[in-house]
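Below are the chains, spelled out letter by letter.
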Amino acid sequence: MSNSGYSSQNGAGQPYANGPLQNPVVMQPPGQVYNTAVQPPYANQMPVKATLPQGPGQYNCGTYQSAPSGTLSQGPGQGMLNRPPMGPPQPLAPQHQAASGSRMPPPLAPAHNSTPPPPSANHFYPGTQNPPQSTWQYGMPPPMSQASVGSVTNHVTSAPSSVPNQPSPAGYGMAGSPVYHNAAHPGPPVSHNSYSQPGPAPPPVSSSASQLYHPGRQAFGPPPAGALTPGMRPTPPPTGSLGTATPPPPPTSQREGVVHTPTPSDSAQVPNSFDFLESGGRNMAPYPPQPAMMGRSMGHSYPSLPPGYQNMGTPPNAQAMQPPKQPYPLGPQPFQQPPVGPGQLTPAMGGLSLQQSQTPESLKAINLLQERNLLPPRLVPAPVPCLAQDLQRLNCSPEVFRSTLTNIPQTQSLLNKAKLPLGLLLHPFKDLSQLPVVTSSTIVRCRSCRTYINPFVTFLDQRRWKCNLCYRVNDVPEEFMYNPVSRSYGEPHKRPEVQNPTIEFIAPSEYMLRPPQPAVYLFVLDVSHNAVETGYLNIVCQSILDNLSALPGDTRTKIGFITFDSTIHFYNLQEGLSQPQMLIVSDIEDIFIPTPDSLLVNLNECKELVQDLLKGLPQMFTKTMETQSALGPALQAAFKLLSPTGGRVSVFQTQLPTLGVGALKSREDPNQRASAKDIQHLSPATDFYKKLALDCSGQQIAVDLFLLSGQYCDLASLACISRYSAGSVYYYPSYHSQHNPAQEERFQKDLKRYITRKIGFEAVMRIRCTKGLSIHTFHGNFFVRSTDLLSLPNVNPDAGFAVQMSIEENLVDMQVVSFQAALLYTSSKGERRIRVHTMCLPVVNSLADIFAGADVQAITGLLASMAVDRSVTASLSDARDALANAAIDSLAAYRSSVLSVQQPGLLAPWCLRLFPLYILALLKQKSFRTGTSTRLDDRVYAMCQLKYQPLTYLMLMIHPALYRVDNLSDEGALNISDKTIPQPALLQLSVEKLSREGAFLMDAGLVMYLWIGKNCSPSFITQVLGVPNYTAIPQSMNQLPELDTAESARTRAFISWLREQRPFFPVLHVIRDESQLKAIFMQNMIEDRTESALSYYEFLLHLQQQISK
């Protein structure tokens, strides 16, 4: 049994490290993958490397080590003090190191005492006495754990190919010695240079001096102190560690662009065009030092700030940050200095810090034990980075790009002291109402690190610009001198690329190594007796039929269908046939494609045959007696069918696979759902689905899984087919079209969105950051290629990603740092496009400033992903301990290092006032809760959602929103498209906020509950629910009737408004006191005590007890 599980680094490797490693390909024989014997807690630790002594209160520095139990990240601490060796890491003798036991409270006894008992210590090994407390090691990459003796790994090697120039089967060719036709092509302006921006027309670009980025602006930071020769880069962080998502492997080549793209089989390599043309990372090409073009501030912090800067769009003293205008000494003509910019903080302001000004609102100390009503009346907004107004105006939207810390620490040691994680959360393909699109034969990029030109670069003059990531000075190409928006020449700083933090390029031919693939859709449908009984087949066929013309694509779009039970059924839809032909393959042990040319057909040419098949398919299997499911062979058939082109496979499964490769057996013991301290079987039972997913990824195929079942289906194993191929997982427990109408409605709405939403094919994404920062761990559904390149065979607008970061080199000479995510994809219309997001954040040098810029929701979202990995690679109790320690360590660091006056109580800064509440919500969330009966598939799906959902939607799944809706009014309402949307205040998740006289709506992300009190106003019941009295409310009510009353209009408008803010469809359940769903509703009352979990107040007392030790 494999324990590969949710190691978020999606790739081959032990323990499922998400990326190619230095080990050769060694596939494990079935049944010999991992030891599955039940072991006592903390007994499954991996060997660690020898460590240096640890000073009190500090992180271990120097050698990489395994993280202690109870922490979510496994890396060294102050890596800046001892840099990694310049050569390959030398293996050290394993040495066992005692680590902290649990600081979680023990399971509750049914006592009525409100004070929790002291926690019991647990250790790595029996007999350990007085272990040191565990500490967070957020910022550094995880260590390389050498495979234990006897273990067999299935890593994918990144060794050079023996046939480097041979085209791949998928059509990609890799040039042997690529020469970058740099985006800067000399010559006259090119005629096919256009600019389009969907939505309202952009305002005309003024040429007034108020424009921010004029040529000659001072640089962000100095050029590098010395050139780094190819052999002088530090050894990249090693890979593979307990409890992390996949750290990427080190670069395989020092030559930019020459990268062997690993796939599960080197015989089916697909060198990714993004890696070849979008370039290798910054580490792959050294750059020469550039002389400083202008004098600049060398200060170590940003200017003093007024209180409440976190929530203000513009600091009141922003004008004080503007130096006087001065002419540029360089360039063909004297441009004027822009009024504000990140590189022109004056030396007089350089040493200032928040410490020298009035304490900002975000740092105000709050005693959590005394302040109960900390929840804001509306959803918590993202904090605004402390940048000048004009600079912040150009920053990326937090809905797309968000950092856990909006103030970046200068050093890794400073980050370690703050005990807060540094990472980014991305929603890169989000549906945007306005997206500037640029068509140009020249895409301007840095010649060294390949950063795309963006609003935060510095123009030294008309002809030169300095990169904001590596500080190289680049030439401005002739074509870039022309501005397509203002139709003027000689103002490159006003181009849309330099005025928009999010922009999309239509890529020229240099970004293609084969013609863009067509949109290809293959539907794989379970037609066993169990599947037909659920009635799902009618919904799927009707939904596809209704939305066939809305399927994204062009005249080249292809479509195909496979059905399966104990055999595999193909459908010949070749043009000229009078009706579809079914072809049955019964040899599931050696699957083959009977007629490859007629199973995937052009949708436009064969539309009538496709429609006939969809109309007849539900009736073809109504009397089937086949109960077996050969899912594995069906997926193999889909892979073979789509390999020549790539595309999307949509799999619908209703039971545990029982035949052929990939067959599974039930692993769930219902008797242990609530009693076991550590949940078993969170990892896959077989490597088959992961290996097949990696094969699919190599051929640009993504697999989306729809699981509709009323019984255990081993989602932990099945989900691998989607996780590693960049697909999605949809789960509908207890699905039945007649017995569960709520699930049917949700399935129908989700399916319509799925079929019609935007899609990108053969996509890859790379995240770059300013020199000195590095990314070491990725979270999401993807496969990592060549160090830092995420392979996304399909990309959809509903997928989120997260990365963890470290500070490799001190940022002392920098005022700001930048991050850029570039997503290269093929649109459904066959265009090669590049979507680029750029974010800029200030650099600070004090702990107070770090805490002042903490984004509590982003921190919670990143910790949730880290805890999922910890649950699978270590244990659920480890993950729970680590979550509790996250709150303990950060609040202890704030108390000891930031507070100037020590006060009694549990103190937190205002910006982190909700942090303990969110941690408690995670501990009670379906993914991590104990003591409550939770089906294994439900738990695994909740973990999938934590790793996949963008932060905005994720927070509702962690901490639901509660509103009172029986007294809605138009006061403070929003007016959207002539509709009035009431805005009730958020309530705390506690029974004391409920009233039998009221009606309360709980929005939990994927589901909504409308709880009706026994004594609720009769007028609300009649005018909103449409029934005469409370007892007449149906036991299963999932829709509000459309009544012609003001109360009905307000309630429906509010619920519709909530639903429209997310891409999936949350089902509404109307519940009474006698409803079965009331127990689930009450489980979401996070602040209340349950038999197995502390109340919010008890949890705060527990945190205070641990901090005061």
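Caption draft 1: Representation of the overall build of the chain in the model. The secondary structure content of the chain amounts to 22 helices and 34 strands. For the chain, the proportion of its 1109 residues judged to be buried stands at 65%. Considering only contacts in the chain between residues 6 or more positions apart, those separated by 24 or more positions represent 80%.

Caption draft 2: Focus on a nonpolar patch on the surface. Where nonpolar side chains cluster on the molecular surface, the patch consists of Met582, Ile584 and Met620 and spans about 260 Å² of accessible area. Counting through the fold element by element, Ile584 comes out in strand β16 (residues 581–585).

Caption draft 3: Examining the side chain of Ser722 more closely. If you trace the backbone, Ser722 turns up in helix α11 (residues 720–723). Judged by relative accessible area, Ser722 falls into the buried class, the value being 0%. A distance of 3.4 Å separates a polar atom in the side chain of Ser722 from the backbone nitrogen of Leu705. Ser722 has contacts with Val703, Asp704, Leu705, Gly727, Ser728, Val729 and Asn781, leaving out every residue within four places of it along the chain.

Caption draft 4: A look at helix α18 (residues 951–958). Burial of α18 is extensive: seven of the eight residues sit out of reach of the surface. All of the buried residues along α18 are Leu951, Tyr953, Leu954, Met955, Leu956, Met957 and Ile958.

Caption draft 5: Fine view of the nonpolar core. If you look at the biggest cluster of nonpolar residues, it comprises 204 residues, and the most contacted ones within it are Ile568, Phe819, Phe851, Ile1012 and Leu1025. In terms of residue count, helix α14 (residues 856–873) provides more of this core than any other element does, ten residues in total. Ile1012 has contacts with Gly998, Ala999, Phe1020, Ile1021, Leu1025, Tyr1030, Ile1033, Val1070, Ile1071 and Arg1072, leaving out every residue within four places of it along the chain. One finds Leu525, Leu617, Phe747 and Leu751 within the second-largest nonpolar core, a separate group that totals 40 residues.

Caption draft 6: Up close: the pattern of salt bridges. Counted by the stated rule, this structure contains 32 salt bridges. With a closest N to O distance of 2.7 Å, Arg495 and Glu497 form a salt bridge. You can call Arg495 buried: its relative accessible area is 0%. Note that Arg935 is salt-bridged to Asp938, the shortest N-O span being 3.6 Å.

Caption draft 7: Main features of the packing of α14 against α18. Running from N to C, α14 and α18 cross one another at 80 degrees; their axes reach a closest spacing of 10 Å. Taken together, the axes of α14 and α18 are roughly perpendicular relative to one another. Seen from α14, the contacting residues are Gln857, Ala858, Thr860, Gly861 and Ala864; seen from α18, they are Leu951, Leu954, Met955 and Ile958. Here the contact of α14 with α18 is composed, by residue class, of six nonpolar, three polar and no charged.

Caption draft 8: Layout of the packing of aromatic side chains. The tally for this structure, following the rule as stated, stands at 24 aromatic pairs. Geometrically, the ring pair formed by Phe706 and Phe747 is edge-to-face, given 6.3 Å between the ring centres and 70 degrees between the ring planes. Of this pair, Phe706 sits in strand β19 (residues 701–709) while Phe747 sits in helix α12 (residues 741–756), placing them 41 residues apart in sequence. There is no split in this pair, since Phe706 and Phe747 are both buried. One aromatic cluster in this structure is built from Tyr536, Phe652, Phe706, Tyr730, Tyr732, Tyr735, Phe747 and Tyr754. Here the guanidinium or amino end of Arg445 rests over the ring plane of Tyr452, the centre of that ring lying 4.2 Å away. Cation over ring: Arg913 sits above Trp910, and NZ or CZ is 4.0 Å from the ring centre.

Caption draft 9: Region of interest: the sheet that holds strand β32 (residues 999–1003). With mixed pairing, the four strands of this open sheet are ordered in space as β29-β32-β33-β34. Because the sheet does not close on itself, it has two edges, and the strands there are β29 (961–964) and β34 (1067–1071). Ignoring which end each strand starts from, the neighbouring axes of this sheet average 20 degrees apart. As judged from the five bridges shared by strand β33 (residues 1007–1012) and β34, these two strands associate in the parallel manner. When the bridges of β34 are listed, Leu1010 appears paired with Val1070. Those strands touched by helix α19 (residues 1018–1025) are β32, β33 and β34, and its axis lies near 140 degrees from that of β33. The sheet strands contacting helix α20 (residues 1046–1060) are β29, β32, β33 and β34, and the helix crosses β32 at an angle near 10 degrees.

Caption draft 10: Fine view of α20. Taking 1.5 Å of rise per residue, 15 residues should cover 21 Å, and α20 covers 21 Å from first to last C-alpha, within 8% of that figure. Inspection of α20 places Ser1048, Thr1051, Ala1053, Phe1054, Ile1055, Trp1057, Leu1058 and Arg1059 among the buried residues, and these make up the whole buried set.

Caption draft 11: Representation of the confidence of the model for the chain. On average, residues of the chain score 75 in pLDDT, and 67% of them reach the 70 mark or higher. A low-confidence stretch, residues 143–195 (pLDDT under 50), is modelled with 155 contacts involving residues beyond four sequence positions or located in other chains. Predicted confidence for residues 197–274 stays below pLDDT 50, and this span has 316 contacts to residues more than four positions away or in other chains.

Caption draft 12: Inspection of the pairing of strand β13 (residues 520–526) at higher detail. Extensive coverage of β13 is indicated by the burial of seven of its seven residues. Burial along β13 is two-sided: Val520, Leu522, Val524 and Asp526 and Tyr521, Phe523 and Leu525, pointing in opposite directions, are all buried. Pairing of β13 with strand β14 (residues 558–564), which is carried by seven bridges, proceeds in the parallel orientation. Looking across to β14, one finds that Phe523 is bridged to Phe561. Looking at chain direction, β13 and strand β18 (residues 647–653) are connected through five bridges and run parallel. In the sheet register, Leu522 faces β18, and the bridge partner there is Val649.

Caption draft 13: Main features of the sheet that holds strand β3 (residues 401–403). One open sheet accounts for four strands, arranged β3-β5-β25-β22; its pairing is antiparallel. The open sheet has two edge strands, β3 and β22 (773–779), and neither has a second partner. Taken over all neighbouring pairs, the strand axes of this sheet differ in orientation by 25 degrees on average, direction set aside. As paired elements, β22 and strand β25 (residues 801–807) share six bridges and run antiparallel to each other. By the bridge assignment for β25, Thr777 is matched with Gln804.

Caption draft 14: Up close: the packing of helix α15 (residues 876–897) against helix α16 (residues 915–924). Orientation of α15 relative to α16, taken along the N-to-C sense of each, is 175 degrees, at an axis distance of 10 Å. Between α15 and α16, the angle is such that the two are roughly antiparallel. Between α15, through Arg880, Leu883, Ala884, Ala886, Ala887, Ser890 and Leu891, and α16, the contact on the second element is made entirely by Phe915, Pro916, Ile919, Leu922 and Leu923. Classifying every residue of the contact of α15 with α16 by side-chain character gives ten nonpolar, one polar and one charged.

Caption draft 15: Up close: unusual backbone geometry. At Arg450, a position not held by glycine, the phi torsion is positive, near 65 degrees. Topologically, Arg450 is positioned in the loop between β6 (437–439) and β7 (458–461). If you check the backbone angles, Tyr471 has positive phi at about 70 degrees while not being a glycine. Tracing the chain through its elements places Tyr471 in the loop between β8 (464–466) and β9 (473–475).

Caption draft 16: Spatial organisation of the environment of His739. For His739, the location among the structural elements is in the loop between β20 (729–733) and α12. We classify His739 as exposed; its relative accessible area is 65%. Between the C-alpha atom of His739 and that of Thr534, which follows or precedes it by 205 residues, the distance is 9.0 Å.

Caption draft 17: Spatial organisation of the environment of Ile701. Along the chain, Ile701 turns up in strand β19. Sequence separation between Ile701 and Val649 is 52 residues, and the spatial gap between their C-alpha atoms is 7.2 Å. In contact with Ile701, other than residues within four places in its own chain, are Phe639, Leu642, Ser643, Gly646, Gly647, Val649, Cys696, Ser725 and Pro793.

Caption draft 18: Broad picture of the environment of Lys947. Among the structural elements, Lys947 can be located in helix α17 (residues 936–948). Residue Lys947 is classed as buried on the basis of its relative accessible area, which comes to 5%. Spatially, the C-alpha atoms of Lys947 and Ala867 are 9.8 Å apart, while their sequence positions differ by 80 residues. For Lys947, the side chain forms a polar contact with the side chain of His779, separated by 3.1 Å.

Criteria and thresholds
- Residues numbered from 1 in each chain as written.
- Predicted model: local features only at pLDDT ≥ 70, side-chain atom pairs only at ≥ 80, totals over all residues.
- Heavy atoms only, no water.
- Helix = DSSP H or I, 4+ residues; strand = E, 2+ residues; numbered from the N terminus.
- Buried < 20%, exposed > 50% of the residue type's maximum accessible area, 1.4 Å probe, protein only.
- Contact = heavy atoms within 4.5 Å.
- Patch = residues over 30% accessible without salt bridge, like charges linked within 9 Å, V, L, I, M, F, W, Y side chains within 5 Å.
- Areas by Shrake-Rupley, 256 points an atom, 1.4 Å probe, with all protein chains shown as cover.
- Salt bridge = Lys/Arg side-chain N within 4 Å of Asp/Glu carboxyl O.
- Polar contact = N/O pair within 3.5 Å; in protein donor to acceptor, adjacent residues only side chain to side chain.
- Core = buried A, V, L, I, M, F, W, Y, C linked by side-chain atoms within 4.5 Å.
- Axes fitted to C-alpha atoms, helices over the stretch in contact; angles between N-to-C directions.
- Parallel < 35°, antiparallel > 145°, perpendicular 65-115°, else oblique.
- Nonpolar A, V, L, I, M, F, W, Y, C, P; charged D, E, K, R; others polar.
- Phe/Tyr/Trp six-rings, centres within 6.5 Å; stacked < 30°, edge-to-face > 60°.
- Lys NZ or Arg CZ within 6 Å of the ring centre and 35° of its normal.
- Pairing = 2+ DSSP bridges.
- Expected span 1.5 Å × (residues − 1).
- pLDDT = per-residue confidence, 0-100.

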